[in-house]
Amino acid sequence: MRNLLSAADLDAESAVALLDTADQLKATLLGREVRKLPTLRGRTVVTMFYENSTRTRASFEVAGKWMSADVINVSASGSSVGKGESLRDTALTLSAVGADCVIIRHPSSGAADRLAGWLKDTHTCVVNAGDGMHEHPTQALLDAATLRERLGSLTDRRIAIVGDVLHSRVARSNLHLLRTLGAEVVLVAPPTLVPSGMQRWLAEEKIRISHDLDAELPSQDAVLLLRVQAERMHGGFFPSAREYSISYGLSEARLALLPEHAVVLHPGPMLRGMEIASVVADSPRSAITEQVRNGVHLRMSVLYHLLAGEEEA
Amino acid sequence: MAPRQRGATESAGQRELLTAGDVARTIARMAHQVIEKTALDAPGVAPVVLLGIPSRGVPLARRLAGLINEFSGVDVPAGTLDITLYRDDLRHRPHRPLVRTEVPEDGIDDKLVVLVDDVLFSGRTVRAALDALRDLGRPRAVQLAVLIDRGHRELPIRADYVGKNVPTARTEDVAVRFTESDGVDRVLLGGIN
């Protein structure tokens, strides 16, 4: 594996390998006083965030540090990006400085892919930590890790992805990965928040679209809620926050419709009272803090797979 | 001869170093030596823990633990110590899947840890194992048991218990097979094809 740009690039074997390594890393570090492995000593990891982030950035940084890599954070403000340096020049500079891996979050879809193209002839690998409305593969992987932990194998499990599918890179990455892992996915969203050009996806047997959350809940093994991305909405996608919440928010009453074993996920940051009720977010059915915890091990696994053994040829 | 499973077959140029009977006798002798050297059946000594290094150190550790129990009546736990994340050649090798490290519930602090591996060669695996151990706790002492010592050490490391010393050429390959993983007990020496 040279880069991790899209969940669609992962076949079942490599996805499972990443998830298994993450499980082992979690077990290895569990209950340890010193959570530090020497695995990536002398490797340099740069996080390059052009968009705000708490958990993705923090967990990539912790993941790198727990494996003894040197982690440097570059943000758009406070770097030469503020002086007008292009993405390409910034990337080439970071590679020249000695970055073995660049982790990028960018508001434009496709930014990670462009970056990987520019860095093709260098030793630097690229991880997509969210590009616009396109993909966020490590989020999908950590969601899958959390679901595997709670449900076991994901083959033929039924998973609902609910909310702002149109603007969600999390939804796209999850859709690809869950399909690869054999799950059945139903996208539940208001008609205005379903992306156009869905036909290619819907041709797949295991993917459906629904606009009625109450009808879908009783048959699901997990519900993945998406944040309503106000920052990407220019125009009226739904009449009011309250109306959205009434139709698509996971309230306490809706939680009762889910089967006993079903899990509630949210990639964060949550808008409590909007897409998820506070009681639901804090209930034992919700795996939201587990997602964050698993995120660290999953990102360690990604860094390990990208940075260890790469000089084999 | 009926075809056997891959890995157990003898290809041209391979020589059998130990037969199934030899393997059993050798492991039994090693178990006696561990009992004698650690005095584990005497009162007041540090409890012994066997930690097998994957892949074939694991079944070897389990067998040693079973025999030690049979010969001395003392129950010695056998665990697993995965050293992949501590290797010094991670940059150059394709990585292998990680194996779960399993140590006794109460840890390894103040225990006598016996590292168990099938073949002792450069000593780099053992070095990695010592680093991995340091992150798990502080044993009273660490010893090393190997079925085959084939020489060519690259580090100042020596085994406390050796099943068989085998002079080899660097290019040769020593292949240990165990029933648990390969369906047969034997040790083969051959050139790398």
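Residues numbered from 1 in each chain as written. Chains lettered and ligands numbered in written order. Predicted model: local features only at pLDDT ≥ 70, side-chain atom pairs only at ≥ 80, totals over all residues.

Participant: Now, about the overall build of chain A: what can you tell me, with residues and values included?
Facilitator: Along its length, chain A carries twelve helices and nine strands. Its C-alpha atoms give chain A principal-axis dimensions of roughly 55 × 45 × 35 Å. Within chain A, the fraction of its 313 residues that count as buried is 47%. Taking the contacts inside chain A whose residues are at least 6 apart along the sequence as the reference set, 80% of them involve residues at least 24 apart. (Helix = DSSP H or I, 4+ residues; strand = E, 2+ residues; numbered from the N terminus. Buried ≥ 20, exposed ≤ 12 C-beta atoms within 10 Å, placed from the backbone. Contact = placed C-beta atoms within 7 Å.)

Participant: Before we move on, could you go through the interface of chain A and chain B and cite the residues and values that matter?
Facilitator: For an interface, size is often stated in terms of accessible area lost upon the parts coming together. Contact residues are listed per partner, giving 17 residues for chain A and 14 residues for chain B. Secondary-structure elements contributing two or more residues to the side of chain A that touches chain B are helix H1 (12-29) and helix H12 (288-307) of chain A. Among the residues forming the side of chain A that touches chain B, the class breakdown is seven nonpolar, six polar and four charged. (Nonpolar A, V, L, I, M, F, W, Y, C, P; charged D, E, K, R; others polar.)

Participant: An account of the domain arrangement of chain A is needed here, citing residue identities and associated values.
Facilitator: Residue and element names in this part refer to chain A. In terms of domain boundaries, chain A breaks down into domain 1 (7-135 + 292-307) and domain 2 (137-287). Distance between the C-alpha centres of domain 1 and domain 2: 25 Å. Every contact between the two is made by 23 residues of domain 1 and, on the other side, 19 residues of domain 2. Here the side of domain 1 that touches domain 2 is composed, by residue class, of twelve nonpolar, six polar and five charged. (Domains from an automatic or database assignment.)

Participant: Residue-level account of the nonpolar core, with values.
Facilitator: Judged by nonpolar contacts, the single largest core of 142 residues is most densely connected at Val 102, Ile 161 and Leu 303 of chain A together with Leu 64 of chain B. Broken down by element, the residue count for this core peaks at nine residues, all from H12 of chain A. Counting contributing residues per domain, this core is built from domain 1 (7-135 + 292-307) and domain 2 (137-287) of chain A, each supplying no fewer than three. In this view, Leu 64 of chain B contacts Ile 27, Met 30, Ala 31, Val 34, Leu 50, Val 116 and Ala 145 of chain B; residues no more than four positions away in its chain are not counted. (Core = buried A, V, L, I, M, F, W, Y, C linked by C-beta atoms within 7 Å.)

Participant: Outline the pairing of strand E5 (residues 158-162) of chain A, listing residues and values.
Facilitator: Residue and element names in this part refer to chain A. The element E5 is extensively covered by neighbouring structure, given that four of its five residues are classed as buried. Crossover connection from E5 via helix H6 (residues 169-180) to parallel strand E6 (residues 184-188): handedness right-handed. Strand direction decides the pairing type here: E5 and strand E8 (residues 222-225), joined by four bridges, are parallel. Pairing of Ala 160 across the sheet is with Val 223, part of E8. (Right-handed = clockwise from strand over helix to strand, strands pointing away. Pairing = 2+ DSSP bridges.)

Participant: So what's going on with the sheet that holds strand E2 (residues 70-75) of chain A? Residues and values would help.
Facilitator: Residue and element names in this part refer to chain A. On the basis of which strands lie adjacent, the open sheet formed by four strands has the order E2-E1-E3-E4 and parallel pairing. Both outer strands of the open sheet, E2 and strand E4 (125-131), are each paired with one neighbouring strand and no more. Here the average twist between neighbouring strands, direction ignored, is 15°. Pairing between strand E1 (residues 44-49) and E2: six bridges, direction parallel. Pairing of Met 48 across the sheet is with Val 74, part of E2. (Axes fitted to C-alpha atoms, helices over the stretch in contact; angles between N-to-C directions.)

Participant: How would you sum up the environment of Leu 115 of chain A? Please name residues and give values.
Facilitator: Residues and elements named next belong to chain A. The topology assignment puts Leu 115 in helix H4 (residues 111-118). For Leu 115, a count of 28 C-beta atoms within 10 Å gives the class buried. As for Leu 115 and Ser 301, which are separated by 186 residues in sequence, their C-alpha atoms are 22 Å apart. Those residues in contact with Leu 115 that lie beyond four places of it in its chain are Leu 87, Ala 91, Val 102, Ile 104 and Val 126.

Participant: Tell me about the sheet that holds strand E7 (residues 207-210) of chain A, residues and numbers included.
Facilitator: Residues and elements named next belong to chain A. The strand order E7-E6-E5-E8-E9 describes an open sheet built from five strands, whose pairing is parallel. Edge positions in the sheet fall to E7 and strand E9 (263-265), since each of these pairs with one other strand and no more. Neighbour-to-neighbour, the strand axes of the sheet open up by a mean angle of 20°, direction not taken into account. Strand direction decides the pairing type here: E6 and E7, joined by four bridges, are parallel. Bridged to Val 186 within E7 is Arg 208.

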